[in-house]
Every structure is written in structure tokens, then in C-alpha cells.
Amino acid sequence: MKLASSWQKVLESEMNKPYFIELMAKVNHFYNEKSEHILPEKSKVFNAFNLCSFEALKVVILGQDPYPKRDHANGLCFSVESNVRPFPKSLNNIFKEIESDLAQPFPENGNLERWANQGVLLLNSVLTVEEGKTDSHKGIGWEQFTDAVIECINKKKENVVFLLWGSKAFSKSILIDEKKHFILTSVHPSPLSVYRGFFGCKHFSKTNEFLASKGLKIIQW
């Protein structure tokens with residue numbers, strides 16, 4: 001579970017705290033005891049950071065925890081491995097909104113590494129899960145770490161777009177200075193809520209309009 005050097009530099013003090021050392025011990029224990037049932041695969045736990053350097057970061061999308069289904073979880077929130085069909089329902093709804101917002105056809109696959117490579121941090125609040133058991137690693141320390149990540153971005157970066165979908169993601173807005181960053185909120189893209197404000201939110205065009213206004217390269221969604 002290696003973390004990219006750009007993130008190690010800014011998170012060094014956090015990673016030296018007792019809770020984080022204990023968290024890593026717990027997670028390593030899970031993988032050692034039943035690696036075939038812990039998701040994502042160990043090398044992809046910090047994928048969100050390793051594919052989007054701190055310097056390149058322009059957009060943050062917050063998720064809950066990895067898909068609890070093998071071949072789905074790849075370390076990026078809402079993302080799946082390239083061979084997964086059909087797309088998970090929330091991801092499918094995200095693509096529907098992009099299609100409506102930007103007149104852009106559905107992508108060939110649901111692997112969002114292409115977003116991460118452009119500076120989108122696809123961050124789950126909890127970075128591991130036991131297969132078939134949503135929220136199974138809730139409360140073991142991941143939330144404290146990912147909250148610290150958000151606070152670090154808030155403090156050390158400017159003009160980052162935060163896309164907060166659903167009440168759990170929105171609760172993180174207290175960690176973000178709206179005078180320094182651009183926050184967009186809506187209901188979650190889940191089928192249970194998507195028609196109550198996610199469809200039609202136009203977050204993808206609004207993100208690009210903001211980035212362009214700051215002289216930053218837009219995201220090819």
C-alpha cells in the first residue's frame with residue numbers, strides 16, 4: 001500500500017500519528033488474513049492518490065466506500081474496472097448526466113482513471129471494504145485520515161472544485177473554505193435520489209466553466 005511521494009510530503013505529519021499507524025496495522029492484518037475477500041486489491045488502496053498527484057489536483061469527488069463486489073472496486077470512488085458490465089447504477093446515472101450536460105456519448109467503459117489522470121481526486125471516505133459487506137470497514141480510522149486529506153487540500157491549495165453528492169459527502173463541506181474553493185452540491189446519483197436534483201445539476205459543465213475562469217485546463221469528462 002504505497003502512497004505517491006507528492007502526497008507523502010503533504011500528509012507526512014498525519015501518517016505519523018498513532019491512529020494512522022494503528023489503521024495501517026489493521027488493514028494489513030485484514031489483507032494477510034483474508035486477502036481474497038478485501039477490496040480493492042492491496043496495491044490499489046491508495047489508487048486515488050497515486051493517479052492524481054497533489055500538484056495536479058483540480059477537482060475532488062467524494063464517495064463513501066469501495067464497491068463490495070470483486071472486479072468492481074479499483075481504488076477510485078464510483079469507478080469500476082474496464083471490463084465491468086453493466087455499469088453500477090450510480091455510475092450509470094453519472095454518465096447520463098454528463099450526456100445531458102455536455103452532449104457527450106456514454107464512454108466505452110466505467111474506469112475513471114482517465115479522470116484521475118487529469119487532476120480529479122476520486123476519494124472515498126473509507127478506502128477498503130470486505131467483499132459483500134458495505135460499510136464493513138467504517139469506523140476503523142479511514143474517515144479520520146480522509147477528513148485530514150480534505151483539510152490539507154483546503155489549506156494548501158486554491159481554486160479546487162469539490163463535488164459533494166449526497167448528505168454524507170455534503171457533511172464534509174464544513175472542512176472546506178468556500179472563499180478559497182468552489183463547492184457544488186446535489187443529492188446522490190443513486191437511483192433512490194437521482195431524480196431529486198442530480199439529473200440536471202450540470203456539475204460537469206459548471207466545473208469546467210470555473211476551471212476555465214481560473215486559467216486552468218478543463219476536464220475531459
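Provided above is the structure to which this section pertains.
The paragraphs below set out a description of the structure included in this document. For every chain, the first residue of the written sequence is number 1, and numbering continues from 1 onward in sequence order. With the structure being a predicted model, the display of local features is reserved for residues of pLDDT at least 70 and the display and counting of side-chain atom pairs for 80 or more, all residues being used for whole-chain, interface and lining totals. Hydrogens and waters are ignored; side-chain quantities use all the structure's heavy atoms.

## Topic: the overall build of the chain
In step 1: In terms of regular secondary structure, the chain is built from eight helices and six strands.
In step 2: Strands are runs of DSSP state E lasting at least two residues, helices are runs of H or I lasting at least four, and both sets are numbered from the N terminus onward. Along the chain, helices and strands appear, N-terminal first, in the series α-α-β-α-β-α-α-β-β-α-β-α-β-α.
In step 3: Relative to the globule expectation of 17 Å for 221 residues, the C-alpha radius of gyration of the chain, 17 Å, shows essentially globular dimensions.
In step 4: Burial analysis of the chain (221 residues in total) assigns 52% to the buried set.
In step 5: Note on contacts: a residue pair is in contact if any heavy atoms of the two residues lie within 4.5 Å. Residue pairs in contact within the chain that sit at least 24 positions apart in sequence constitute 65% of those at least 6 positions apart. The quantity called the radius of gyration is restricted to C-alpha atoms. Its globule counterpart is 2.2 Å times the number of residues to the power 0.38. Working definition: with a 1.4 Å probe on protein chains only, accessible area under 20% of the residue-type maximum means buried, over 50% means exposed, and in between means partly exposed.

## Details of the pattern of salt bridges
In step 1: Salt bridge, as used here: a side-chain nitrogen of Lys or Arg that lies within 4 Å of a carboxyl oxygen of Asp or Glu. Inspection of every chain in the model, using the stated rule, returns eight salt bridges.
In step 2: Close ionic contact of Glu130 with Lys34 constitutes a salt bridge, the shortest N to O distance being 3.2 Å. Highlighted residues: Glu130 in strand S4 (residues 129-130) and Lys34 in helix H2 (residues 18-34), separated in sequence by 96 residues.
In step 3: Taking the relative accessible area as the measure of exposure, Glu130 reaches 16% and is therefore buried.
In step 4: Through salt bridges with shared partners, a single ionic network connects Lys34, Glu130 and Lys133.

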